[in-house]
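Remarks on the overall topology
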Amino acid sequence: MTASGDAASLEQQIEQWRGYLRRRQAFHPTDVSELEDHLREQVAVLVDAGLATDEAFLVTVKRMGNLDALSREFAREHSERLWKQLVVVPSDSGESRALARTDAVVAFGCAVVAAVLIKLPELFGLFLLRAPGFYARNLSLFVLPVLTAYFVWKRGLETGTVRWLGLAFVAALAIANIYPFTSGGSTERLTALHLPIALWLVVGIAYAGGRWSQAAGRMDFVRFTGELFIYYVLIALGGGVFTAFMAMIFRAIGINAEPFFQSWLLPCGAAGAFVVASWLVEAKQSVIENMAPVLTRLFTPLFAALLITFLATVVWTGRGVDIQRNVLIGFDLLLVVVLGLLLYSISARDPQSPPSIFDVLQVVLLVSALLVDAVALWAIAARISEFGFTPNRVAALGENVILLVNLAWSAALYLRFLRRRGAFSALEQWQTDYLPVYAAWAALVAIAFPPLFGYA
């Protein structure tokens, strides 16, 4: 085989190895990049020593003892590649179990810190039910800095990166608490809604561990976000059942537990559970990785049918969209859910697989969402032309324009892929490159809108 043929064969083997690690087992995606670098270095050393490329690759994997369980699974599916003969390392080491225990202790410690932080303002007379505006503006600042600190520790980020991440949270803290907001005003609500979106990008930079500039690193964060949502919902459902039983048994002895629920269990549990859910995504990926793609495939046709039915009803009845604040939020949340389904399906899909019927459904969903977004934009523009600019209308206009651009180009790229005129990786690259646009707009709304509209 020629040198170019050996190189192509090696790249194919590494791609197969990397895809297996990232998609089939509980192995963190951010570690795969470092392992791949080590793999390539060792293969190069063995090739220089006289081994053939295939032999060097298999021997190197055998020596990477941390991949024992993964390699055995791979062996069972690729016995023709001699994995059964080459991979014979022992099962999980004591060191790996110790690291897992340390990770769990740190994660639960961070969850306790988040729970304490959300109660800390009460020392200054700021109670949850008496100061809802304060808690709405600062809600993300009770949890996201702690979660970021967890990832900083786990990824071992450099001091310079940590400094910039900390500066972002300090700036957010100042914006949320120094601006003279009108209590219950539009700009206060917009800041409360958009500040967490901007700060979620900061969490993503910490999560990616130095790989944020790579599309794979950003897509790993997309996958993490989707799995975190699923875990958090499951924890919330379990917490609801737990709360109901607690109320029942204490009511049986004449004690009303509702004040404890409202003041302690609900806020502390919600804050701590967010960190715990993040740790579960890290530690138990093999549990959720089979569930999330199934949910995506289940809800994609349902949401596509919903949007098509809505559009057909609008055309049939000729009714316009009632653009009130809650309706705008609902439309944007619907489009965000559609975008989330698209992103997660992209992250779980093998880029090398040919187009399938599910890809056709994705395009139908995209086009339907695009048309719904256009209807909402038309209604917002008509409202602005009739009644003028308000913070809510301008924010909604910008968000829907951003969504429109993303959905339109995503649909174009997906259609090119279906027609076999473009690679699926182009769609993945576009989506990950576009993520900072949402965070930038959210930061602009949170920072610039309050003074621009007189903090009303």
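Just above sits the structure.
Here is a short report on the structure shown in this document.

What follows concerns the overall build of the chain. Within the chain one finds 17 helices and 0 strands. Among the 456 residues that make up the chain, the fraction classed as buried is 44%. A separation threshold of at least 6 residues defines the contact pool for the chain, and within that pool the share at least 24 residues apart is 76%. With an accessible surface of roughly 23,100 Å², the chain has 67% of that area assigned to carbon and sulfur atoms.

Now for the packing of helix H9 (residues 186-208) against helix H17 (residues 424-452). It is the contact of H9 with H17, at a shortest axis distance of 8 Å, that shows an interaxial angle of 145°. Note that H9 runs across H17; the crossing there is left-handed. For the pair H9 and H17, contact is made by Thr187, Leu190, Thr191, His194, Leu195, Ile197, Ala198 and Leu201 and by Pro436, Tyr438, Ala439, Ala442, Ala443, Val445, Ala446, Phe449 and Pro450, respectively. Residue classes in the contact of H9 with H17 are distributed as 14 nonpolar, 3 polar and no charged.

This part covers helix H8 (residues 159-178). Taking 1.5 Å per residue as the helical rise, H8 with its 20 residues ought to reach 28 Å, and the 28 Å between its terminal C-alpha atoms agrees with that figure. All of the buried residues in H8 are Leu165, Phe169, Ala172, Ile175 and Ala176. Here the buried residues of H8 occupy an arc of 120° about the axis, which is enough to place them on one side. Of the exposed residues in H8, those oriented more than 90 degrees away from the buried face are Thr159, Arg163, Trp164, Val170 and Ile178. Buried positions along H8 lie against helix H7 (132-155), H9 and H17.

Let's shift gears to the pattern of salt bridges. In total, this model carries 7 salt bridges according to the counting rule given. For Glu122, the salt bridge identified is with Lys119, shortest N-O distance 2.6 Å. Between Glu188 and Arg137 there is a salt bridge; the shortest N-O distance is 2.5 Å. Within this pair, whereas Glu188 is found in helix H9, its partner Arg137 is found in helix H7, the two being separated by 51 residues in sequence. For the pair Glu188 and Arg137, one class covers both residues: buried.

A positive phi angle is found at Arg420, which is not glycine, with a value near 60°. Located in the positive-phi region is Tyr455, a residue other than glycine, with phi close to 60°. Mapped onto the elements, Tyr455 comes out in the segment after H17.

All told, the structure shown has 28 aromatic pairs when counted by the stated rule. With centroids separated by 5.8 Å and ring planes inclined at 50°, the aromatic side chains of Tyr207 and Phe221 adopt a geometry described as tilted. Of the two residues, Tyr207 is situated in helix H9 and Phe221 in helix H10 (residues 215-251); the sequence distance between them amounts to 14 residues. Its relative accessible area of 1% is what places Tyr207 among the buried residues. The exposure class assigned to Phe221 is buried, which follows from its relative accessible area of 5%. When the centroid spacing of 6.0 Å and the interplanar angle of 85° are considered together, the rings of Trp441 and Phe449 count as edge-to-face. Across the pair, exposure class does not vary: Trp441 and Phe449 are buried alike.

So, about the packing of helix H16 (residues 391-418) against H17. Two numbers describe how H16 lies on H17: the axes approach to 10 Å, and their chain directions differ by 175°. Taken together, H16 and H17 sit at an angle that is classed as roughly antiparallel. Across the contact of H16 with H17, the residue classes tally to 19 nonpolar, 4 polar and 1 charged.

So, on to the nonpolar core. Nonpolar side chains in soluble globular proteins generally cluster together in the buried interior. Judged by nonpolar contacts, the single largest core of 46 residues is most densely connected at Tyr150, Phe151, Leu199, Trp200, Val203, Phe221 and Phe224. Mapped onto this core, the elements with two or more residues apiece are helix H6 (94-119), H7, H8, H9, H10 and helix H11 (258-283). For this core, the element with the most residues is H7, which contributes 11 residues. Contact partners of Tyr150, with chain neighbours within four places excluded, come to Asp103, Val106, Ala107, Cys110, Trp279 and Glu282. Of all hydrophobic cores here, the second largest spans 40 residues; its members include Val222, Val372, Ala376 and Phe417.

Quick look at a nonpolar patch on the surface now. Judged by side-chain polarity, Val241, Phe245, Met248, Ile249, Phe250, Ile253 and Ile255 come together as a nonpolar surface patch covering roughly 680 Å² of accessible area. By the secondary structure assignment, Met248 is in helix H10.

What counts and what doesn't
Residues numbered from 1 in each chain as written. Predicted model: local features only at pLDDT ≥ 70, side-chain atom pairs only at ≥ 80, totals over all residues. Heavy atoms only, no water. Helix = DSSP H or I, 4+ residues; strand = E, 2+ residues; numbered from the N terminus. Buried < 20%, exposed > 50% of the residue type's maximum accessible area, 1.4 Å probe, protein only. Contact = heavy atoms within 4.5 Å. Areas by Shrake-Rupley, 256 points an atom, 1.4 Å probe, with all protein chains shown as cover. Axes fitted to C-alpha atoms, helices over the stretch in contact; angles between N-to-C directions. Left-handed = near helix turned anticlockwise from the far one by under 90°. Nonpolar A, V, L, I, M, F, W, Y, C, P; charged D, E, K, R; others polar. Expected span 1.5 Å × (residues − 1). Arc of directions from axis to C-beta. Salt bridge = Lys/Arg side-chain N within 4 Å of Asp/Glu carboxyl O. Phe/Tyr/Trp six-rings, centres within 6.5 Å; stacked < 30°, edge-to-face > 60°. Parallel < 35°, antiparallel > 145°, perpendicular 65-115°, else oblique. Core = buried A, V, L, I, M, F, W, Y, C linked by side-chain atoms within 4.5 Å. Patch = residues over 30% accessible without salt bridge, like charges linked within 9 Å, V, L, I, M, F, W, Y side chains within 5 Å.

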